[in-house]
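Summary of structural features
One-letter residues, chain by chain:
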Amino acid sequence: MKQLLFLLLFISSFSTVYSQSVKVTLSGTVKDRKDNKGLAFVTVALKNSGDKSFVAGTISNEEGLFTFTDVKSGNYTLEVSYIGYKTLSQAVSVGVLSTFLDLGHVMLEEDVTQLGEVVVKGTDGEGLNNKMDKKTFSVTDMVSQSGGSLLQVMKNLPGVTTDQDGKVLIRGNDRVTVLIDGKQTALTGFGNQTGLDNIPASAIEKIEVINNPSAKYDANGNAGIINIIYKKNKQEGFNGKIGMSAGLGALWIKKDNLPDIRPQYRNTLKMNPSVSLNYRKKNTNIFFQGDYLHTPTLNKNEFVDRYYDDGKVVRQQTKRNRNTNIITTKAGLDWNISSSNTFNISGLFSSEKIIDNGDEPFFNATLTERFRLWKFLEDELKTTVTASGSFQHKFQQPGHLFTIGFNYTFHREDEKYFFTNVMPTFTGKDAFKLLSDESVFDLTADYVKPLKYGHFEGGIKIRKRYIPTNMQFFPGLNSPIDSLAGGWANYNETIPAVYGNYVLENKNFELEAGLRFEYVDLRYSVNPDHPTYKSSGYDYVQPFPNVRLAYKINEHHKLSLFYNRRVDRPNEVDIRIFPKYDDAEIIKVGNPALRPQFTNTLEAGYKTSWQGGYFYAALYRKMDNATIARIGSTVPGSTIIYNIFQNAGRSHNSGVELIWQQQVTPWLALNTNFNVYKSVINAFTVKNLYPVPVTFKADRESLTSGSGKINANLRLSKSIEAQVSAVYLAPDLIPQGRTGARFSVDAGIKKQLTKGELFANATDVFNTLVIRKTINGAGFHYISHDYYETQVYRIGYSYKF
């Protein structure tokens, strides 16, 4: 770490850079000092402070209010003149944090009074913003991922990786909250993230990655927030875009099946037609976005070798051929009622149909004896409906806003599994049916007030979430299913919250300080006949502060310090009491006694930018209490492993992240990202209660890991651009074990047409991506390799009108 700090100081000493240009809105009110009344039709001019050249001019309205828009960062002089009054001059320095600034009252009188310096702040566009807490990426620029899913796009973003369960990780941590247009929905998960591989990238305009969220955001998600922004056209009249992409995956077999099971999926054909429509006239805008995603895949192809202390060895394969068909639509209305009031309403509908055909054979060490064959058919339908509405009032002063919003989400999970259990002496048939209906109501109110040296924002949020779940088991001959563990369970959560956030900036320092208070009341009611688990719940009132302090070394270099406290509350599926049998001998079960995980984060960031590029470095440390993790254990006389969520005590993660972006030549741009961190999980002891109590102890573990990415964007001609992306993930630490290294390369090319574009790309070009994992438990250990489908070749076309 000391060597890294020395390197950063060395770079900052020799970099030649230029400040980024941002645009903000500047406003104030001209008044007569004697009677304090607004002065109408006063001439107000903005001039460069150096050569006094004219930049912009305006006159005050009947109340004395004046406004300048699209003001770039820099130093200016404000000149106010009016017949009968002496001209007033005031220094104005435009900063880079707030998009609006209120100069307050400009008082005119006989004697000229020089007013104090004012700082106006704005935000960045694409890439890392000036506050160094958010990165913004355009999905259109991800040429190598066009036509794929949202998850595939995310894996190439700087600082973002994906794991073996299809989740995104920020700096190696999967505790990420995923928003759609700034709101949580069941489509992406209210607790842990979900469903990202089922959202078409064609529907998304841009992605925001927020490492250090302010108090404005929900406290959930210690790794950070990813905000998905859907497309919405703002052109006048009727316009739109239609597109079609097709792909082919699983072109060859990575690893052959174990004996006597059905073939793996090969040459899987994917299709993604999409349409985007927009009609804007005067004060009304109507929009519609529709996508259909057809994706047959070799979803899982995991080979596991289990070794037990008594000498027994079990070799198994879990092969899952999946057919997924998803329809997603979003529509809405934006209505500017007047210049001061705006009303928005939108709705989202998603229907995801999944059919899985799976085989899971179990053999001895030499593959000469098959102990068992577990075949399954999953038939699942997920339905999501979201309705949102908001009303915004704009006060006379620009940037002075009051917004109220309502969001309702309904999500149904209708899941049926049919199993065939082939044993040496008999064949049994088992089944289960799960029905879960989730309803979530959110009510919010937010207030923003520009100040003379920054702004203040505050608000409230009330959430009510209710999830009744029913599991029915249908055991067959000599059934291995625990049919007594079925029945009903109800999840009931209430969360009121209040927050305030203050931003201040002067010539050398920036300060952002916020505080969020949340009260959480969770009640989980369980079928009283369940053999292991009983009703449970928790409640708490907790503060979640955030602080950012920045020092401007000079115009070209900035150093920021961050602190925030966040929480990860267990999601309903984490505490769900029903065993899941998609793997017959490594069974996942929830834990109603699971409690929230609290995290404190410290970070220091440095950024310097120059013409055509920038360099960013961050040192960070995350400290977790009551770390949530799945813990595997066995019961006496059985080789079946039960993976159950537990609070595994304390852990921490310390690391460094480096980002370098450069326009190397007019035809080549590079974006590189390196993240190195050390993960430590302290010694812990937990007790898995299902199916019988078993105590598990683990010693302290630590490992240094990281990831590296490079994206090369090439402009081959005026209308043709290409992209090559390479990703490497080092071995990483997980509770009870480690994951192996991974490497993949994606590539794509795109041609701009007069009214559209044509593209072709490939993910995992060399078919090298394999998920490796080693797990160590009490009395056993196992090694797994998942050769699931990762290589897909796509072509696509879109037309704008």
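Residues numbered from 1 in each chain as written. Predicted model: local features only at pLDDT ≥ 70, side-chain atom pairs only at ≥ 80, totals over all residues. Heavy atoms only, no water.

1. Comments concerning the pattern of salt bridges
- Tallying each qualifying case throughout the model produces 45 salt bridges.
- Among the salt bridges present, the one from Arg306 reaches Glu585, with a minimum N-O distance of 2.5 Å. Residue Arg306 is located in strand β18 (residues 284-308), and its partner Glu585 is located in the loop between α3 (572-575) and β29 (586-589); the two are separated by 279 residues in the primary sequence.
- Judged by its relative accessible area of 0%, Arg306 falls in the buried class.
- On the basis of relative accessibility, which here comes to 9%, the residue Glu585 falls in the buried class.
- In the salt-bridge network here, residues are joined through shared partners; they are Asp218, Glu438, Asp442, Lys461, Arg463, Arg465, Glu493, Arg516, Glu518 and Arg569. (Salt bridge = Lys/Arg side-chain N within 4 Å of Asp/Glu carboxyl O. Helix = DSSP H or I, 4+ residues; strand = E, 2+ residues; numbered from the N terminus. Buried < 20%, exposed > 50% of the residue type's maximum accessible area, 1.4 Å probe, protein only.)

2. Considering the sheet that holds strand β4 (residues 65-72)
- Strand order in the open sheet formed by three strands is β4-β1-β7, with mixed pairing between adjacent strands. A single partner strand is all that each edge strand has here, and the edge strands are β4 and β7 (100-108). Going from strand to strand, the sheet's axes swing by 20° on average, the running direction of each strand aside.
- In this structure, strand β1 (residues 23-32) lies alongside β7, joined through seven bridges in parallel fashion. Bridging across to β7, Lys31 finds its partner in Met107. (Pairing = 2+ DSSP bridges. Axes fitted to C-alpha atoms, helices over the stretch in contact; angles between N-to-C directions.)

3. Observations regarding the sheet that holds strand β32 (residues 628-633)
- The three strands lie next to each other as β29-β33-β32, forming an open sheet whose pairing is mixed. Of all the strands in the sheet, just β29 and β32 have a single pairing partner and so form its edges. Within this sheet the neighbouring strands show an average axis-to-axis angle of 30°, counted without direction.

4. Focus: unusual backbone geometry
- Residue Pro691 follows Tyr690 across a cis peptide bond; omega there is -5°.
- Checked against the element boundaries, Pro691 lands in the loop between β36 (684-688) and β37 (694-698).
- Positive phi is not limited to glycine here, since Asp181 has a value of about 50°.
- Along the chain, Asp181 turns up in the loop between β13 (176-180) and β14 (204-210).
- Here Asp181 falls in the partly exposed class, since its relative accessible area comes to 25%.
- Notably, Asn478 is not glycine yet its phi reads approximately 45°, a positive angle.
- Along the chain, Asn478 falls in the loop between β24 (454-474) and β25 (487-505).

5. A few points about the nonpolar core
- Counting 51 residues, the largest nonpolar core has Phe419, Tyr581 and Tyr690 as the members making the most contacts within it.
- Non-local contacts of Phe419, meaning those with residues more than four positions away in its chain, are made with Trp374, Lys375, Phe376, Gly428, Lys429, Asp430, Ala431, Phe432, Ile481 and Tyr581.
- Ranked by size, the runner-up nonpolar core spans 27 residues in total, among them Phe137, Ile170, Ala203 and Tyr230. (Core = buried A, V, L, I, M, F, W, Y, C linked by side-chain atoms within 4.5 Å. Contact = heavy atoms within 4.5 Å.)

6. Looking at the environment of Ser679
- By the element assignment, Ser679 lies in strand β35 (residues 668-681).
- Spatially, the C-alpha atoms of Ser679 and Asp174 are 13 Å apart, while their sequence positions differ by 505 residues.
- Among residues more than four places away in sequence, those in contact with Ser679 are His652, Asn653, Glu701, Ser702, Leu703, Asp732 and Leu733.
- A distance of 3.2 Å separates polar atoms of two side chains, one belonging to Ser679 and the other to Asn653. (Polar contact = N/O pair within 3.5 Å; in protein donor to acceptor, adjacent residues only side chain to side chain.)

7. Quick notes on the environment of Ile207
- Secondary-structure assignment places Ile207 in strand β14.
- Residue classification places Ile207 among the buried residues on the basis of a relative accessible area of 1%.
- In sequence terms Ile207 and Leu373 are 166 residues apart; their C-alpha atoms lie 43 Å from each other.

8. Looking at the confidence of the model for the protein
- On average, residues of the protein carry a pLDDT of 88, and 93% of them reach 70 or more.
- For the protein, per-element mean pLDDT is lowest for strand β8 (residues 118-120), which scores 30, and highest for strand β45 (residues 780-786), which scores 97.
- Note that pLDDT drops below 50 for residues 1-20; the model gives that stretch 31 contacts with residues more than four away or on any other chain.
- Long-range and interchain partners of residues 112-125, a stretch whose pLDDT sits below 50, account for 72 contacts in this model, where long-range means more than four residues apart. (pLDDT = per-residue confidence, 0-100.)

9. What about a nonpolar patch on the surface?
- Side chains of Tyr453, Phe456, Tyr502, Leu504, Phe509, Leu511, Val547, Leu549, Tyr551, Ile553, Leu559 and Leu561 sit close together on the surface and give an oily, nonpolar patch of about 950 Å² of accessible area.
- Elements that contribute at least two residues to the nonpolar patch include exactly β25, β26 (509-526), β27 (536-554) and β28 (557-568).
- Take the nonpolar patch: its biggest share by element is four residues, from β27.
- Tracing the chain through its elements places Leu561 in strand β28. (Patch = residues over 30% accessible without salt bridge, like charges linked within 9 Å, V, L, I, M, F, W, Y side chains within 5 Å. Areas by Shrake-Rupley, 256 points an atom, 1.4 Å probe, with all protein chains shown as cover.)

10. Considering the side chain of Thr383
- Within the element layout of this structure, Thr383 appears in strand β21 (residues 370-394).
- The exposure class of Thr383 is buried, given its relative accessible area of 19%.
- With sequence-adjacent residues up to four places away left out, Thr383 is seen in contact with Phe349, Ser350, Phe410, His411 and Arg412.

11. What to know about the pairing of strand β20 (residues 341-363)
- In the sheet, strand β19 (residues 313-336) pairs with β20 via 20 bridges, with the strands oriented antiparallel. Paired with Asn321 across the strands is Asn357, a residue of β20.
- If you look at the hairpin formed by β19 and β20, you'll find four residues sitting between the two strands.
- Across 23 bridges, the pairing between β20 and β21 is antiparallel. Pairing of Asp356 across the sheet is with Glu378, part of β21.
- Where β20 folds back onto β21 in an antiparallel hairpin, the turn is made up of six residues, including Leu367, whose phi is positive at roughly 60°.

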